[in-house]
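In case you want the letters, here they are:
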Amino acid sequence: MSSQEQLLEGLNGPQRDAVTHSGAPLLIVAGAGSGKTRVLTHRIAHLMAERGVRPGEILAITFTNKAAAEMKERIQALLGVRAANTMWTMTFHSACVRILRREAHRLGYPSSFTIYDSADSARLMQLVCKEMDLDPKRFPPKSFSFQVSNLKNELVDYDTAAEQAQTEQEKKLAEAYQLYQRRLHEAGAMDFDDLIMVTVNLFQMFPDVAEYYRRRFRHVMVDEYQDTNHAQYAFVRELVGAAEDSDTGVVPPAELCVVGDADQSIYAFRGATIRNILEFERDFPSARTILLEQNYRSTQNILSAANAVIDRNEGRPAKNLWSEQGDGPAITGYVADNEHDEAAFVVGEIDKLTDEGTVTPSQVAVFYRTNAQSRVFEDVFIRTGLPYKIVGGVRFYERKEIRDILAYLRVLANPEDTVSLRRILNVPKRGIGARAEEAVELFAARERISFSRALRRVDEAPGIATRSVKAVQNFTALLDELAEAVPGSTPAEVVEAVLSKTGYLSELAESKDLQDESRVENLEEFVDVAREFEHTFAALLEEEPPDEDEEDGAVPSGTLDPGEPTLVDFLERISLVADTDQIPDADDTGGVVTLMTLHAAKGLEFPAVFLTGMEDGVFPHTRTLGDKTQLEEERRLAYVGLTRAQRLLYVSRAAVRSAWGTPSYNPGSRFLDEIPASLVDWRRAESSLAAPPSRGIGGGRGSGGFGSTFGGGPRRGTGKEAPTLGVGDLVNHDSFGMGRVQLVEGAGDKTKARIDFGADIGEKDFLVKYAPIEKL
Ligand code: ATP
Ligand code: MG
């Protein structure tokens, strides 16, 4: 068999067309499990094997680092280690970081710029709002962070934001945006959204840079295209080069191939727009579209259920997704008394399936709508002794001690990183109090110097106690001592030096507190992380021979060589580890069960899937109940969840679930009603618990009898239409006046809201339906 045949074996007709297509931009739109990702991988292999494309000429964008690693693996299996390693298979963020490390100096950033994750940027926004003297009640920094992120995703800079600002809110926002950007720039840092936006700006401001990358990447591919936001779209467009650019003769446009499924667009809240997929043909008039209709992942029962659900969304082109796998077993349904009962059912069932040898633990996934739902499952997993892994939720890297040590490392890599510097200023405690910190801050503002420089001149700062001056000087001397050792040390050695020289470790070690004990264990683990990083780095160097493919001079290979693992490399690796990267490998004895939110599940597949918390108010999420657009996005999320399953699918819900310590009776999810009844085998249809609002499966949507005295007790039968509230909404209350919604819980008639009425009145809880409130 020729290599061409080998590559095309195991592909159907339209898949082959997609793999062998050349020239015009190619859009593959197709339902879940129809082989889109598989087509991308084979296309890459085909480009190299049959069309003589060099691995260095290909950029393949995936949605997570995990997906990138999987694609690399598949390429490696088809074409060997070397091809896989020299190719850029990565997320938008990683690709932009690589480009920016090389080019950011043109915009005045150090090439070792720091990457702020969302916690860092939230803190910086807080500092900015404080500096602007904004009332946090009227101008919540969190909301500013969110809005600035949205603006960046839309490529709106602060000048434009200022021009467009009408209300006082918008004006302050634009101001905060500008100051925030200034502080970031001064700190030599970029936040996650900057990575994309700055790269796009760079391409637009420096045509030679754009041209360089256009020459380099002759083939650009994007998986999960439906979830790209405007900035990412612009990045792709800049990189590929529009057809009109070719008229001016510089570089002909690269070949573009994007694959996606509009029905799986689930990141609208992050600025992703299905617009990109719906309008692809308009943006690239010569584009060719290929449809894939055969699903290779799931049984027909699972597909029929998923198709029936997604069919309820309006204005989508009908899809005809079919499977050859046969009907398969029925979907199993279960109505639990409460969330603990639900977890016990799920874990019991997994235990049974793995005991029987039907599946291994790694072939099972448990999905839920929100992170908070994981805890109950974790409890039962731990008690049962079944191995499990959480993807998402509170991660290792978000624990305090890990963030502290990371802050030290970041300051060592980039002394101007103010947020990190201020985080560790008095950690561990060294007698630099808030007053001293403020004095340094004022001094920095007066002298127009950075916080870090002000620290170095602390003796000149007015109003600072001699004791504090001494403490600060000791601190900067300590940083200098640590910094001096960095160039000759490996990342793990730097970590160890920080832990011992700062006294961080000894302080914890002396403590009797159990939590401090686990902190020490976490830090130990972190040293291992650094060691592991060095090893994988070394292994990569050994595997990767010098790349003679690039000797034509198109790419100066030196700039892309990994070299010795440095502290900056290590920090970069860590800041790019997405939640979804924690999915365990299935190779160890049977592996572990994966628990994750539905959002993290995109692109994955499992032989057995448990879709839990199927209740209105949980999934679909309360926040979305009154909003058609948001409900449709929830429905797409349900479609994603259902279509992850290959053979066994379970759907479950709890009749009662506690929310804020009070029982909440949620009706079954409307998505359950949308699954044809004939496809579901209800193991337990009715909760034995006499729950006030319990309605039969498939029955009417009964109104609940919420029985607590929440918010002064329900006054029934007012007949008033409850306003649909979301966090951040402004409301007016008959007696308390204006307030802002802080929290919303429950569904329908039982929706509760916590509203903040400002300093005098404070926060109050209400049952929305019965409260005299009006949304403004
Ligand atoms: P999603 O929309 O969920 O990302 P997808 O369209 O990317 O799905 P893949 O993950 O590429 O689908 O494929 C789904 C499964 O079907 C994979 O296990 C893949 O190996 C298998 N598959 C795809 N095409 C074929 C084929 N022609 N023959 C056999 N198996 C196939
Ligand atoms: Mg895919």
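Residues numbered from 1 in each chain as written. Chains lettered and ligands numbered in written order. Predicted model: local features only at pLDDT ≥ 70, side-chain atom pairs only at ≥ 80, totals over all residues.

S.K.: Explain the overall build of the protein to me, and be specific about the residues and the numbers.
M.R.: The number of helices and strands found in the protein is 30 helices and 23 strands. The buried share among the 776 residues of the protein stands at 44%. Within the protein, counting contacts between residues at least 6 apart in sequence, those at least 24 apart form 75% of the total. (Helix = DSSP H or I, 4+ residues; strand = E, 2+ residues; numbered from the N terminus. Buried ≥ 20, exposed ≤ 12 C-beta atoms within 10 Å, placed from the backbone. Contact = placed C-beta atoms within 7 Å.)

S.K.: Please provide a residue-by-residue account of the UniProt feature "binding site: ATP" (unreviewed entry) in the protein, values included.
M.R.: Per the UniProt annotation, the sites labelled "binding site: ATP" (unreviewed entry) are Ala 30, Gly 31, Ala 32, Gly 33, Ser 34, Gly 35, Lys 36 and Thr 37. Checked against the element boundaries, Ala 32 lands in the loop between strand E1 (26–30) and helix H3 (36–51). Relative to the elements of secondary structure, Gly 35 occurs in the loop between E1 and H3. (UniProt positions renumbered as here; feature names shortened; annotations may be inferred.)

S.K.: So what's going on with the site of ligand 1? Residues and values would help.
M.R.: By nearness alone, 18 residues border ligand 1, and Gly 35, Lys 36, Thr 37, Arg 38 and Tyr 296 come closest of all. With three residues, H3 is the single largest residue contributor to the shell around ligand 1. Of the residues contributing to the shell around ligand 1, the split by class is four nonpolar, nine polar and five charged. (Near = placed C-beta within 6 Å. Nonpolar A, V, L, I, M, F, W, Y, C, P; charged D, E, K, R; others polar.)

S.K.: So, the sheet that holds strand E20 (residues 737–745): which residues are in play, and what are the values?
M.R.: Judged by pairing direction, the sheet is antiparallel, and its five strands sit side by side in the order E22-E21-E20-E19-E23 without closing on themselves. The open sheet has two free edges, formed respectively by strand E22 (763–767) and strand E23 (773–775), since each of these has just one partner strand. On average, each strand axis in the sheet is inclined to that of its neighbour by 40 degrees, with strand direction left out of account. Where E20 and strand E21 (residues 752–756) come together, five bridges link them in antiparallel fashion. Each residue of the ladder has a partner; that of Val 744, found in E21, is Ala 753. (Pairing = 2+ DSSP bridges. Axes fitted to C-alpha atoms, helices over the stretch in contact; angles between N-to-C directions.)

S.K.: Help me get a handle on the nonpolar core, residues and values and all.
M.R.: Ile 28, Ala 60, Tyr 177 and Val 220 are the most contacted members of the largest nonpolar core, which has 88 residues in total. Looking at which domains feed residues into this core, each of domain 1 (3–102 + 195–292) and domain 2 (114–187) supplies at least three. The contact partners of Tyr 177, leaving out residues within four places of it in the chain, are Val 148, Leu 151, Tyr 158 and Ala 161. Counting 62 residues, the second-largest nonpolar core is a separate cluster that includes Ala 336, Leu 648, Ala 655 and Leu 672. (Core = buried A, V, L, I, M, F, W, Y, C linked by C-beta atoms within 7 Å. Domains from an automatic or database assignment.)

S.K.: Describe the confidence of the model for the protein, naming the residues involved and giving the relevant values.
M.R.: Mean pLDDT over the protein: 83, with 84% of residues reaching 70 or higher. Element-level mean pLDDT values for the protein span from 51 in helix H14 (residues 243–247) up to 98 in strand E15 (residues 606–611). Note that residues 578–587 has pLDDT below 50 and, in this model, 24 contacts with residues that lie over four places away or in other chains. Predicted complex, confidence summary: ipTM 0.99, pTM 0.72. (pLDDT = per-residue confidence, 0-100.)

S.K.: Quick rundown of unusual backbone geometry? Include the residues and the values.
M.R.: Between Val 427 and Pro 428 the backbone carries a cis peptide bond, its omega angle lying at -5 degrees. Of note, the bond from Phe 619 into Pro 620 is cis; its omega dihedral lies within 30 degrees of zero at 5 degrees. Turning to its location among the elements, Pro 620 is positioned in the loop between E15 and helix H29 (628–642). Of note in the backbone geometry, Glu 224 takes a positive phi value of approximately 50 degrees without being a glycine. Checked against the element boundaries, Glu 224 lands in the loop between strand E6 (219–222) and helix H13 (230–240).

S.K.: Residues and numbers for the sheet that holds strand E8 (residues 288–292), please.
M.R.: Across the sheet, six strands lie side by side as E3-E2-E6-E7-E1-E8; this open sheet has parallel pairing. The sheet is open, and its two edges are formed by strand E3 (88–91) and E8, each paired on a single side. The average undirected angle you get between the axes of adjacent strands in this sheet is 15 degrees.

S.K.: Any chance you could break down the environment of Ala 461 for me, citing the residues and the numbers?
M.R.: Among the secondary structure elements, Ala 461 is positioned in the loop between helix H23 (451–456) and helix H24 (466–485). Exposure remark for Ala 461: the 21 C-beta atoms within 10 Å place this residue in the buried category. With 58 residues separating them in the primary sequence, Ala 461 and Arg 403 have C-alpha atoms 29 Å apart.

S.K.: Tell me about the packing of helix H18 (residues 339–356) against helix H19 (residues 374–384), and name the residues and values.
M.R.: At a closest axis distance of 9 Å, the pairing of H18 and H19 adopts a crossing angle of 45 degrees. Relative to H19, the element H18 is oriented oblique. Seen along the crossing, H18 lies across H19 with a hand that is right-handed. Along the contact surface, H18 presents Glu 339, His 340, Ala 343, Ala 344, Val 346, Val 347 and Asp 351, while H19 presents Val 376, Phe 377, Val 380, Phe 381 and Thr 384. Of the residues in the contact of H18 with H19, the class split is eight nonpolar, two polar and two charged. (Parallel < 35°, antiparallel > 145°, perpendicular 65-115°, else oblique. Left-handed = near helix turned anticlockwise from the far one by under 90°.)

S.K.: Give a detailed account of the pairing of E15, specifying residues and quantitative values.
M.R.: In summary, the side chains of a regular strand alternate between the two faces of the sheet. Summarising burial for E15: five of the six residues are buried, a large majority. Bridging between strand E12 (residues 364–368) and E15 involves four bridges; their strand directions are parallel. By the bridge assignment for E15, Val 364 is matched with Ala 608.

S.K.: If you had to explain the packing of helix H7 (residues 118–131) against helix H8 (residues 141–153) to someone new, which residues and values would you point to?
M.R.: One can describe the packing of H7 onto H8 by two numbers: an axis separation of 9 Å at closest approach and a directional angle of 120 degrees. Along this stretch, H7 crosses H8, giving a crossing that reads as right-handed. Residue-level contacts link Ser 121, Ala 122, Met 125, Gln 126 and Cys 129 of H7 to Pro 141, Lys 142, Phe 144 and Ser 145 of H8. Residues of the contact of H7 with H8, tallied by class, amount to five nonpolar, three polar and one charged.

S.K.: An account of H8 is needed here, citing residue identities and associated values.
M.R.: When the terminal C-alpha atoms of H8 are compared, their 18 Å separation across 13 residues agrees well with the 18 Å that a helix rising 1.5 Å per residue should span. Among all positions in H8, only Pro 141, Phe 144, Ser 145, Val 148, Leu 151 and Lys 152 are buried. Within H8, the buried residues cover an arc of 125 degrees as seen down the axis, which keeps them to one side. (Expected span 1.5 Å × (residues − 1). Arc of directions from axis to C-beta.)

S.K.: Quick one: what's the story with helix H11 (residues 192–205), residue by residue and with numbers?
M.R.: Here H11 is 14 residues long and its end C-alpha atoms lie 20 Å apart, about the 20 Å a rise of 1.5 Å per residue gives. Burial analysis of H11 places 10 of its 14 residues in the buried class, which makes it a mostly covered element. Considered for burial, the residues of H11 that qualify are Asp 193, Asp 194, Leu 195, Ile 196, Met 197, Val 198, Thr 199, Val 200, Leu 202 and Phe 203. Where H11 is buried, its residues touch helix H6 (92–103), H8, strand E5 (189–191), helix H12 (207–216) and H13.

S.K.: Mind laying out the pairing of strand E14 (residues 593–597), listing which residues take part and the relevant values?
M.R.: Summarising burial for E14: five of the five residues are buried, a large majority. Of the two faces of E14, the one carrying Val 593, Leu 595 and Thr 597 and the one carrying Thr 594 and Met 596 are both buried. Bridge analysis of E12 against E14 gives four bridges, and the strand direction is parallel. Across the sheet, the residue bridging to Val 366 is Leu 595, located in E14. Here four bridges tie strand E13 (residues 388–391) to E14, and the two strands are oriented parallel to one another. Of the residues in E14, the one forming a bridge with Ile 390 is Leu 595.

S.K.: Pulling in residues and values, what's your account of the environment of Asn 65?
M.R.: Mapped onto the elements of the fold, Asn 65 is located in helix H4 (residues 65–79). Spatially, the C-alpha atom of Asn 65 lies 9.7 Å from that of Phe 92, the residues being 27 residues apart in sequence.

S.K.: Can you break down the environment of Val 19 residue by residue, with the values?
M.R.: Looking at where Val 19 falls in the secondary structure, it is placed in helix H2 (residues 13–20). Judged by C-beta crowding, with 23 C-beta atoms within 10 Å, Val 19 ranks as buried. Apart from residues no more than four positions distant in its own chain, Val 19 is found in contact with Leu 8, Leu 11, Val 39, His 42, Arg 43 and His 46.

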